[in-house]
Amino acid sequence: MTDRLTVAHALETGGIPRNAAEHIATEMLDAIRDAREFDPAQLATKADIADLRREISEVELRLIKWVIGIGIAAMLALTGLIWTETQILLHARP
């Protein structure tokens, strides 16, 4: 494998400033190393994506049900509060 300085020197010879050439060489060699370590088995398949979409839909549905439930509970609590205060006001003695 070519080392970073050899690549940087070749880039410098081509007219790229030293700092830029060293940076480019480092990035190129890191990319090559990452490509060699790449495992295609880690890629998502169409089936994986379909499963994720299904799971997201299920979570959305549960969230919607939860929000509606909380809304109904809040309305009932508010109605009870209004009813109680109305009864207190109606039975209050001047």
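Whatever comes next refers back to the structure up there.
Keep in mind that this is a model prediction, so the values were computed, not measured.

Give me the lowdown on the overall build of the chain, citing residues and values where you can.
Broken down by element type, the chain carries three helices and zero strands. Listing every helix and strand of the chain by position from the N terminus yields α-α-α. What you see for the chain is a C-alpha radius of gyration of 33 Å, clearly larger than the 12 Å of a compact globule of 94 residues, by over 25%. Projected onto the principal axes, the alpha-carbon positions of the chain cover approximately 100 × 40 × 15 Å. The buried share among the 94 residues of the chain stands at 5%. Accessible surface computed for the chain: about 8300 Å², of which carbon and sulfur atoms make up 66%. Within the chain, the 14 negative side-chain charges are centred at a point lying 8 Å from the centre of the 10 positive side-chain charges.

Can you tell me about the pattern of salt bridges, naming the residues and giving the values?
For the structure on display, the rule yields six salt bridges. The closest approach of N and O atoms between glutamate 58 and arginine 54, which form a salt bridge, is 3.0 Å. Pair noted here: glutamate 58 and arginine 54 are both in helix α3 (residues 46–90), with a separation of four residues, about one helical turn. For arginine 54, a relative accessible area of 41% translates into the label partly exposed.

Outline the environment of aspartate 48, listing residues and values.
Assignment of secondary structure puts aspartate 48 in helix α3. The partly exposed category is assigned to aspartate 48, whose relative accessible area is 36%. Along the sequence, aspartate 48 and asparagine 19 sit 29 residues apart, while their C-alpha atoms lie 43 Å from each other. At 3.0 Å, the side chain of aspartate 48 forms a polar contact with the backbone nitrogen of threonine 45.

Hey, could you go over helix α1 (residues 4–13) for me, with residue numbers and the actual values?
Between a side-chain oxygen at the N-terminus of α1 and the backbone nitrogen of leucine 5 the separation is 3.1 Å; the capping residue is aspartate 3. Immediately beyond the C-terminal end of α1, within one or two residues, lies glycine 15, with a positive phi of roughly 105°.

Outline the nonpolar core, listing residues and values.
Looking at soluble globular proteins, one finds that nonpolar side chains tend to be buried together. Core analysis: the largest hydrophobic core is formed by five residues, namely Val7, Ala8, Ala21, Ala25 and Leu29. Mapped by element, the contributors of at least two residues to this core are α1 and α2 (18–37). Here this core gets three residues from one element, more than from any other, and that element is α2.

Describe the packing of α1 against α2, and please don't skip the residues or the numbers.
Their axes nearest at 8 Å, the elements α1 and α2 cross at an angle of 130°. With respect to α2, the axis of α1 lies oblique. The element α1 and its partner α2 pack so that their crossing is right-handed. Contacts between α1 and α2 involve Arg4, Val7, Ala8, Leu11 and Glu12 from the first element and Arg18, Ala21, Glu22, Ile24, Ala25, Thr26, Met28 and Leu29 from the second. Class assignment for the residues of the contact of α1 with α2 results in eight nonpolar, one polar and four charged.

Each value, and the rule that gives it
- Residues numbered from 1 in each chain as written.
- Predicted model: local features only at pLDDT ≥ 70, side-chain atom pairs only at ≥ 80, totals over all residues.
- Heavy atoms only, no water.
- Helix = DSSP H or I, 4+ residues; strand = E, 2+ residues; numbered from the N terminus.
- Rg over C-alpha atoms; globule rule 2.2 N^0.38 Å.
- Buried < 20%, exposed > 50% of the residue type's maximum accessible area, 1.4 Å probe, protein only.
- Areas by Shrake-Rupley, 256 points an atom, 1.4 Å probe, with all protein chains shown as cover.
- Lys, Arg positive; Asp, Glu negative; His and termini not counted.
- Charge placed at Lys NZ, Arg CZ, Asp CG, Glu CD.
- Salt bridge = Lys/Arg side-chain N within 4 Å of Asp/Glu carboxyl O.
- Polar contact = N/O pair within 3.5 Å; in protein donor to acceptor, adjacent residues only side chain to side chain.
- Core = buried A, V, L, I, M, F, W, Y, C linked by side-chain atoms within 4.5 Å.
- Axes fitted to C-alpha atoms, helices over the stretch in contact; angles between N-to-C directions.
- Parallel < 35°, antiparallel > 145°, perpendicular 65-115°, else oblique.
- Left-handed = near helix turned anticlockwise from the far one by under 90°.
- Contact = heavy atoms within 4.5 Å.
- Nonpolar A, V, L, I, M, F, W, Y, C, P; charged D, E, K, R; others polar.

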